[in-house]
4 protein chains.
Amino acid sequence: QAKPCEDNEEGTSLNAVLADLATVNNSRDRASKLFQWLIHPVPAKDFFRDTWEKKPLLIPRQNPDYYNGLFSTAEFDRILREDDVQYGVNLDVTSYTNGKRNTHNPPGRALPFSVWDFYSSGCSLRMLNPQAFSSRVWNFLSILQEQFGSMAGANVYLTPPGTQGFAPHYDDIEAFVVQLEGKKHWRVYNPRSLEDVLPVTSSPNFSQSEIGSPVLEVVLEAGDLLYFPRGFIHQGDCLPNSHSLHVTVSSFQRNSWGDLLAKLVPAALGVAMEEDVEYRQGLPLDYLTYMGVQNSDKEDPRREKFLSRMGGLMNKLAGYAPVDAAVDEKAKEFLHDCLPPALTPEEQASSVQGSSTRWGNGRPLNVGARINSKTRVQLIRAGCARLCSDGEVIQLYYTTDNSRVYHKEELKSFEIKTEYADAVEFLIHAYPKFVVVQSFPCDSAAEKIALAELLFEKGIIRTAEPL
Amino acid sequence: QAKPCEDNEEGTSLNAVLADLATVNNSRDRASKLFQWLIHPVPAKDFFRDTWEKKPLLIPRQNPDYYNGLFSTAEFDRILREDDVQYGVNLDVTSYTNGKRNTHNPPGRALPFSVWDFYSSGCSLRMLNPQAFSSRVWNFLSILQEQFGSMAGANVYLTPPGTQGFAPHYDDIEAFVVQLEGKKHWRVYNPRSLEDVLPVTSSPNFSQSEIGSPVLEVVLEAGDLLYFPRGFIHQGDCLPNSHSLHVTVSSFQRNSWGDLLAKLVPAALGVAMEEDVEYRQGLPLDYLTYMGVQNSDKEDPRREKFLSRMGGLMNKLAGYAPVDAAVDEKAKEFLHDCLPPALTPEEQASSVQGSSTRWGNGRPLNVGARINSKTRVQLIRAGCARLCSDGEVIQLYYTTDNSRVYHKEELKSFEIKTEYADAVEFLIHAYPKFVVVQSFPCDSAAEKIALAELLFEKGIIRTAEPL
Amino acid sequence: QAKPCEDNEEGTSLNAVLADLATVNNSRDRASKLFQWLIHPVPAKDFFRDTWEKKPLLIPRQNPDYYNGLFSTAEFDRILREDDVQYGVNLDVTSYTNGKRNTHNPPGRALPFSVWDFYSSGCSLRMLNPQAFSSRVWNFLSILQEQFGSMAGANVYLTPPGTQGFAPHYDDIEAFVVQLEGKKHWRVYNPRSLEDVLPVTSSPNFSQSEIGSPVLEVVLEAGDLLYFPRGFIHQGDCLPNSHSLHVTVSSFQRNSWGDLLAKLVPAALGVAMEEDVEYRQGLPLDYLTYMGVQNSDKEDPRREKFLSRMGGLMNKLAGYAPVDAAVDEKAKEFLHDCLPPALTPEEQASSVQGSSTRWGNGRPLNVGARINSKTRVQLIRAGCARLCSDGEVIQLYYTTDNSRVYHKEELKSFEIKTEYADAVEFLIHAYPKFVVVQSFPCDSAAEKIALAELLFEKGIIRTAEPL
Amino acid sequence: QAKPCEDNEEGTSLNAVLADLATVNNSRDRASKLFQWLIHPVPAKDFFRDTWEKKPLLIPRQNPDYYNGLFSTAEFDRILREDDVQYGVNLDVTSYTNGKRNTHNPPGRALPFSVWDFYSSGCSLRMLNPQAFSSRVWNFLSILQEQFGSMAGANVYLTPPGTQGFAPHYDDIEAFVVQLEGKKHWRVYNPRSLEDVLPVTSSPNFSQSEIGSPVLEVVLEAGDLLYFPRGFIHQGDCLPNSHSLHVTVSSFQRNSWGDLLAKLVPAALGVAMEEDVEYRQGLPLDYLTYMGVQNSDKEDPRREKFLSRMGGLMNKLAGYAPVDAAVDEKAKEFLHDCLPPALTPEEQASSVQGSSTRWGNGRPLNVGARINSKTRVQLIRAGCARLCSDGEVIQLYYTTDNSRVYHKEELKSFEIKTEYADAVEFLIHAYPKFVVVQSFPCDSAAEKIALAELLFEKGIIRTAEPL
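Position numbers for residues start from 1 in each chain and track the written sequence from start to end. Going through the entries in the order they are written, you letter the chains from A and number the ligands from 1. In view of the model being predicted, local features appear only for residues whose pLDDT reaches at least 70, and side-chain atom pairs are presented and counted only at 80 or more, with totals across whole chains, interfaces and linings using the full set of residues. The basis for every side-chain value is the complete set of heavy atoms in the structure, and neither hydrogens nor water enter the calculation.

Trainee: In this structure, what is going on with the packing of aromatic side chains? I would like to understand it.
Mentor: Note on aromatic pairs: each is described by the distance of the centres and the angle between the planes. Think of it this way: a Phe, Tyr or Trp ring, Trp meaning its six-membered ring, pairs with another when their centres are within 6.5 Å, and the plane angle makes it stacked under 30 degrees, edge-to-face over 60, tilted otherwise. Taken as a whole, this structure holds 140 aromatic pairs over all chains when the rule is applied. Ring centres 5.0 Å apart and planes at 65° place the aromatic pair A:F456 and B:F113 in the edge-to-face group. Of this pair, A:F456 sits in helix 14 (residues 445–457) while B:F113 sits in helix 6 (residues 112–120), which puts the two residues in different chains. With a 1.4 Å probe rolled over the protein chains alone, any residue whose accessible area is under 20% of its type maximum counts as buried; one over 50% counts as exposed, and the rest are partly exposed. Residue class for B:F113 comes out buried when judged on its relative accessible area of 5%. Grouping aromatic residues by their ring pairs yields a cluster made of A:F35, A:F47, A:F48, A:W52, A:F148, A:F176, A:Y227 and A:F252. For a ring to carry a charge above it, either NZ of a lysine or CZ of an arginine must fall within 6 Å of the ring centroid while also lying within 35 degrees of the normal to the ring plane. Here the basic side chain of A:R61 rests over the ring of A:Y66, its NZ or CZ set 3.9 Å away from the ring centre. The secondary structure listing takes helices from DSSP runs of H or I that are at least 4 residues long and strands from runs of E that are at least 2 residues long, numbered from the N terminus.

What follows is the structure, encoded as structure tokens:
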């Protein structure tokens, strides 16, 4: 009975939104609803059509509490105190003074004693992976990543009044600047040339003279949102009377058509070499005498002929392109990048992580798989597992054993025996519906239960009712 | 007001002992008092004289609650539920059935659902580094390591009724088996030969026919302690009617005179080569014709002469041995092995970890070093830092940035400028006395305060009163 | 005044042919004339049109002396005696008996004492790089490599009467079997399937039952030639009354259009990513939900759309393909594979290798570069150097410092300053004409001479007259 | 009928000496005779007693032809022309002008054209391993290495008139400067301090002000010899009217008692740890509190006790020292360093390298091992093989497969089965006597012959008569 949140997220606090979302059965719906809340009141459909990857957007709200609960300076302080935050790894201390950008990280652990000392002397603080320390940020990003189909990351920035922490630059990601406390003066500039539009890598630091005039200049206040695409130069500085705390949510790093082609094109050539003898035929005996840079100005009919044949072979390549396999290569990178799911209490209770098996009265209680043919199961998240064909064998890649620390764990997978592949695919495609174990397309009841147990133990599925 | 705990630790619970120890100002005293409690009522002095490295010892107590609070099956279950315990890394699943020892670790995280399933089917569980998950075990070992001057480790073993988890074998460490719950039948056997006395490496698994008859056979009950030196073969199995939980505290792995000589002897040769030209003189032109295995049966007066000169050079070596430098090499390994100090609330409050600097009211509060000339300071632990000379420079090695996970961090150190070395040594030797900063043997007040701030920021010293 | 050798190479001995070729000024002409002699009387033009990469060809000659001078068993024996031939590196000892192929290489140097013992007991001998030991084979292949535009290699095979040394198999190179002594019974079989036509890698050993019936069966006698393309299965065995010695000249390993595309296609994508924003645009948010192997059976209009856009981008790729740069990448591999030029006495005398600078009468004689503006120079070989653009800088890659041992040296090159690039290109394109140094398109006479001296010292150019 | 060369080597040319030595059956005698010729007329016995490793020595001869035939500028030129001499690898171009030492090596091959150009402009030339290019130098050093029991190396130095090629410095080897052509002004200086006497490593370049006054200053003329031990600073420069060519023969790099101790001492500790429980006993619990650099000034009776026990253990070490095994470790390094034997024609003819097995008349001739029970055999050199025990197995290490290029080959060895070990030892100890195969202490005639064949094939033994 999810409430129709699209209608009423106006003024909805994050706590309330997340509580609502916990009642939504489909993680993809959760993702789109949370994203809609993030950019409210702009309709997501309009945003992706008109703004995304195209131009900056300011969403002012005059509601300083809108993003309350996502992160705070109090949480920042708590993390420094309780967690092992390391300078240079988890926290950067920076400054940008008189046109010069500096990093001031000492070695070792970042404790409040020294961190707040840096801050008091005018340094900015950037926490690099707040999702590893803040359960709320983890939950937030783990939902959003299903909206983007690409890793959702975050950095937190805390800036003292009257200072600037970073030089003007552009990034290689789509950026959502979520203002949490105080205010910040932002200037955003167009990409400097066509080549800087949607760039593949971040820029170096620019001097003020290199970047022209801003296309957007604004003071972002708590509750406001600022979006800009990769390639848009930006800089933010604090007004004299207020500190600023914001979190930048990012996505779409190396997630372009060209990045997919980088997987696809060599694979296509491999297929072509196997299947089409034209690709295996020898080059002309004399091609080195008229091709190559030193011959590029030659007028030689053989050049035309050579280029034409080369072009023909390139054009034929598309016909050999294993697009789905290349997408899976890309998908595997995404699965590796993914945050593990942050479970709701209900999900927790119906999955292996919250199983009632426990020690008590001097012996284990509630031991033993109690999944049976009647048990109804569902993937724990739409995107938590993916069936890929790695040459001969079928592997199931999954995210539930990932770490909240980026790539701390290897990409996890296990082999799916051929006789189980249909059942796993059935389960994936059935999402978000719960399906009863006996409906698995397996040969025997025993196999159905064995598969369900395996997936349950890996945390990939949950049951409709706690076991 | 520390109670004189040596007099009354009989029946003292661990909670009470640790509370008492928190009031003891000297960490070495804490260590010896805790060790005395561990082996009560045997006096430590007698133990180290008569038993340590010599023979097994049983301390029965008929007080099942004696070790309460160190660890429990409830804690085991909690850890599985809340922490990221990985099979094969943090937890082993084993069995020893019909003379065959097996390991059953699946990949991935060890959750109660599967762990208790293994246990219920008769497998033993060994948690490899409980100090990383249990603050109590961490505290316990971090105190004890100062008693041993060698890493204090621990494994937890949980065994189902009527089973045995491991084959007979001996280890390369001194072992204190602390029985926590249930009971276990133990058999301990003498080393099989002189070569197995105090061995350098652990043994393979033995069959029952290889080990003879036990020199000690006992049923260990909760509250009892069993000690045996490295090299003593041992095996433990559960009675049909009771599970067993024990923690084995270990120390003195590779901590022998020979291990120190392995540092010392090459260093001695290096010094001798530098200082004594006899070591740099050329070998006889013809020594290869009468020395070497193929000539070892030759009767040749040159052999005697050669062996005599070689012996003379070996004997002179002791005169060049840089013993203190070699001890420091060994000490550095120990500092790297050490658990970081587990601070008492009082220590916490007076050190960088509990500093009152914090975010509040929109800005950092209590910022800025407030150590001054009058501040009284003390090393946070007797053994938390050590001044070593690495060739040209003086380094201070320290344990306060170590991880509770073994060797997760590199050994930490920083250079001590020559003008600060005396002050650091002064501080180390002053322990456990607090000393006032102005008493540091430094040239200026500013230097004294700078040094104190540096050591305070690294967590190496605490102040007499919270700053 | 080279004799028109195409008209009269019938019956021409190798010695005479090579003497003739030494008077041919253009190394490419030398190459084609030598190749024509190799396959005489079949016209090279016909051969490359009808036979090359298509089908086996036997050229019987009834002239056992035709290939005399290329290699011999006497030369084989001399090499074993005088050179450091290592089993496993330079020489393989093999047998194929009762359908089983074995290798018998002991460790260490292959001396006649053991080599002829192996031979006498029925083993075949394969010398892997005769060009490193035989100046004649080196000369022969170094000329031929310019015909193929791809590395020309050689193996020598010596087989005892009545034996077979190798199992049926196919190779990944075009093979010219040059029968030198004795005779051998050959059977050649069609590729087993379309996939085995012009294969990229060699086959495993086949059993007789896997290969069907031969398409060519013949007894090759001294002076005869047998050609077969890669992918054609073959086996040869000796008749009971005669040993066999042949050399297999090979080329076109990994020299196909596809191998060039493997350089071109990633480069094309790199250019496209830089120049065309369409390649940098983000993938659809939801593509992972309908693309990939697990979705490949889905009927979803978005799949069509996605595939269509992907196809469009692939098709556009050809427009960004830097063909000349990719050819240069391939050319660089060839230059690295090349044998260094085997110079004629006349070439030697007019190049740095035969310079008259020498020690005499207690001091160096004829020292100092005497190249002047009037000196006429020529590349020492058409293909001995190549100008390539490596990103920012222009490099001249060259073969004259290569080793006769495959890849013993790194690929050699040096940077050509921009102001010299035109002159180097001028020199390369002028080939085979000698050009006078003052005609170099450089700014100053000093630069012209400096460039000529540099190229002369590297052995890349020679002078019209000995200096 | 070797002429008694010790009596008449006065005026004996190198050719004559080497011819004489070829008739000497024992390679150790050859070595001592050749060394005696090198330092004639100083008796070797006196030299090694009074001079070796002690002080410089000049042997003037007024016989410019004395060393003729060892090396020459003509040979230098020939090598540049015919061999692949690489700058930086085989040849260094150096200068020392105005107190500044420079190296001028270009990349690539050193041909006369550029080498003599460097020389003419005042650069010195150092050929680094003439033994790889000159058979005479190879032969010379391969004989001498048996005199030293340590690698004999050589560098050739050619210096233009009026120049100096190197700054003052000392080396880490015993040096014999053999003046071959022209003359050179040498200055030799005492080691600057006791620490520089017989040093382990070479010095950096010194300035003239650092080295004081020479203890020896002389003009070395062709035919003269100059010896100085490692640690003696030296510099040589050419007079204005003459070039200089000399070869420096070197030995005893890292061949000191201390270098052997570096093998012995860790091995001794290993044995002690295994055999003596005192070494395995634990360190005192509290040793870190009174030992170590930070405690070195403490007056603590425990320090004395600790040092005393440590000293006792160090002193006991000599009793566990496996001297012969350590000598073998050193010997193995020497065997790896050794030049392969340069065989005389007679040795060649009676060894595997000159075996009469050869190809002829269309088939191998003289094939098959013809060693029989009556064959008389001898090691080809006293020091060409060594029997060592590597833990469980016995290995025979040997030099006959070494390369003339330093360490181009791995150290060669093969396992000797236990039943052959006595026979190999018998053969080694019988040297220089020939022994008949049937006298081998093996179980059967077949084994005796098999062993002889194996050693013959490896080139380790030769026969009394050519097979």
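Trainee: Just to check I follow, could you spell out the nonpolar core for this structure?
Mentor: One broad rule of soluble globular proteins: the nonpolar side chains tend to lie buried together. Think of a nonpolar core as a cluster: buried Ala, Val, Leu, Ile, Met, Phe, Trp, Tyr and Cys residues, connected wherever their side-chain atoms sit within 4.5 Å. Counting 60 residues, the largest nonpolar core has C:L34, C:F35, C:L38, C:F76, C:L91, C:F140 and C:F176 as its most contacted members. In terms of residues, this core owes the most to one element, helix 7 (residues 135–148) of chain C, which gives seven residues.

Trainee: Mind showing me how you'd approach the relation of the copies chain A and chain C here?
Mentor: Applying a rotation about an axis and a shift along it to one chain copy brings it onto the other copy. Least-squares superposition aligns the copies on the C-alpha atoms of those residues with pLDDT at or above 70 in both. Of the transformation placing chain A onto chain C, the axial shift is 0.0 Å and the rotation is 180°, giving an RMSD of 0.1 Å. Each copy turns onto its partner about a two-fold axis. Within chain A, the C-alpha atom positioned nearest to the axis of rotation is that of A:N315, 2.7 Å from it. The share of interface residues of chain A whose copies in chain C are also at the interface is 100%, consistent with both copies meeting through the same surface. Throughout, a residue-residue contact means that at least one pair of heavy atoms, one from each residue, lies within 4.5 Å.

Trainee: For this particular structure, what's the right way to read the environment of C:R381?
Mentor: Assignment of secondary structure puts C:R381 in the loop between strand 13 (376–379) and strand 14 (385–390). Since its relative accessible area comes to 4%, C:R381 is described here as buried.

Trainee: In this structure, what is going on with the relation of the copies chain C and chain D? I would like to understand it.
Mentor: Rotating chain C by 180° and translating it 0.0 Å along the rotation axis places it on chain D, where the RMSD comes to 0.1 Å. Both copies share a contact surface, since 97% of the interface residues of chain C are interface residues in chain D too.

Trainee: I tried to follow the sheet that holds strand 16 (residues 412–416) of chain D on my own but got confused; where do I start?
Mentor: Sheet strands pair by backbone hydrogen bonding; their relative direction is either parallel or antiparallel. Residue and element names in this part refer to chain D. Strand order in the open sheet formed by three strands is 14-15-16, with antiparallel pairing between adjacent strands. Whereas interior strands pair on both sides, the edge strands pair on one side only; in this sheet they are strand 14 (385–390) and strand 16. When the angles between neighbouring strand axes are averaged without regard to direction, this sheet yields 30°. Helix 12 (residues 418–430) rests against strand 14, strand 15 (393–398) and strand 16 of the sheet, and its axis sits at about 145° to strand 14. At least two DSSP bridges between two strands are needed for those strands to be called paired. A fitted line through C-alpha atoms represents every axis, and for helices the fit uses only the stretch in contact; the resulting angles, taken between N-to-C directions, go from 0 to 180 degrees.

Trainee: Help me understand the interface of chain A and chain C in this model?
Mentor: Put simply, an interface is often sized by how much accessible area is lost when its parts join up. Counting residues at the interface gives 74 residues for chain A, matched by 74 residues for chain C. Each of two parts loses accessible area, computed with a 1.4 Å probe, when they are put together; buried area is these two losses added. A buried area of about 6,400 Å², summed over both sides, lies between chain A and chain C, and 68% of it is on carbon and sulfur atoms. In terms of surface lost to chain C, no three residues of chain A exceed A:W257, A:L285 and A:Q294, which account for 16% of the buried area on that side. One speaks of a salt bridge when a side-chain nitrogen belonging to Lys or Arg is within 4 Å of a carboxyl oxygen belonging to Asp or Glu. At the surface where chain A touches chain C, the tally comes to two salt bridges. In this structure, the salt-bridge partner of C:R303 is A:D324, at a minimum N-O distance of 2.7 Å. Contacts described as polar in this section are N or O atom pairs within 3.5 Å, which, within protein, must combine one atom able to donate a hydrogen with one able to accept it, while residues neighboring in sequence count only if both atoms come from side chains. Scanning the region where chain A abuts chain C turns up 36 residue pairs in polar contact (both at pLDDT 80 or more). Secondary-structure elements contributing two or more residues to the side of chain A that touches chain C are helix 7 (135–148), helix 8 (257–275), helix 9 (277–280), helix 10 (301–317), helix 11 (323–337), strand 14 (385–390) and helix 13 (418–430) of chain A. Here the side of chain A that touches chain C takes twelve residues from helix 8 of chain A, the largest share from any one element. Grouping the amino acids of the side of chain A that touches chain C by side-chain chemistry returns 42 nonpolar, 15 polar and 17 charged. Under this grouping Gly is polar, as are all residues other than the nonpolar Ala, Val, Leu, Ile, Met, Phe, Trp, Tyr, Cys and Pro and the charged Asp, Glu, Lys and Arg.

Trainee: Help me understand the interface of chain C and chain D in this model?
Mentor: Contacts between the two partners involve 35 residues from chain C and, on the opposite side, 35 residues from chain D. Around 3,000 Å² of area is buried between chain C and chain D when both sides are counted, 60% of it from carbon and sulfur atoms. The residue D:D77 makes a salt bridge to C:R358 at a minimum N-O spacing of 3.7 Å. Taken together, the connections running from chain C to chain D amount to eight residue pairs in polar contact (both at pLDDT 80 or more). Of all the secondary structure elements, the ones that give two or more residues to the side of chain C that touches chain D are helix 5 (73–82), helix 6 (112–120), strand 11 (358–360) and helix 14 (445–457) of chain C. Counting residues per element, the side of chain C that touches chain D draws most heavily on helix 6 of chain C, which supplies seven residues.

Trainee: I would appreciate a short explanation of helix 13 of chain A in the present structure.
Mentor: An α-helix turns once every 3.6 residues. As a result, residues three or four positions apart point the same way. Expected helix span is taken as 1.5 Å per residue step, with the number of steps being one fewer than the number of residues. For helix 13 of chain A, spanning 13 residues, the distance from its first C-alpha to its last is 19 Å, which sits close to the expected 18 Å at 1.5 Å a residue. Listed in full, the buried residues belonging to helix 13 of chain A are A:Y420, A:A421, A:A423, A:V424, A:L427, A:I428 and A:A430.

Trainee: What is the right way to read the packing of helix 8 (residues 257–275) of chain C against helix 11 (residues 323–337) of chain C from this model?
Mentor: Angle between the axes and distance between the axes: these two values describe a pair of packed helices. All names here are of chain C. Taken N-terminus to C-terminus, the directions of helix 8 and helix 11 make an angle of 120°; their axes are 8 Å apart at the nearest point. Taken together, the axis directions place helix 8 and helix 11 in an arrangement best described as oblique. In the crossing of helix 8 with helix 11, the sense of the turn from one axis to the other is right-handed. The residues of helix 11 that touch helix 8, namely those facing D259, L260, K263 and L264, are V323, A326, V327, E329, K330 and E333. Its residues placed into classes, the contact of helix 8 with helix 11 shows five nonpolar, no polar and five charged. Should an angle fall under 35 degrees it is taken as roughly parallel, and over 145 as roughly antiparallel, whereas 65 to 115 is taken as roughly perpendicular and any remaining angle as oblique. Here is the rule for handedness: rotate from the far helix to the near one, and if that takes an anticlockwise turn smaller than a right angle the crossing is left-handed, while a clockwise turn gives right-handed.

Trainee: Help me understand the pairing of strand 15 (residues 393–398) of chain B in this model?
Mentor: A regular strand places its side chains so that they alternate between the two faces of the sheet. Residues and elements named next belong to chain B. As paired elements, strand 14 (residues 385–390) and strand 15 share six bridges and run antiparallel to each other. Across the sheet, residue C388 finds its bridge partner in strand 15, namely Q395. What sits between strand 14 and strand 15 in their antiparallel hairpin is a turn of two residues, with G391 showing a positive phi close to 65°.

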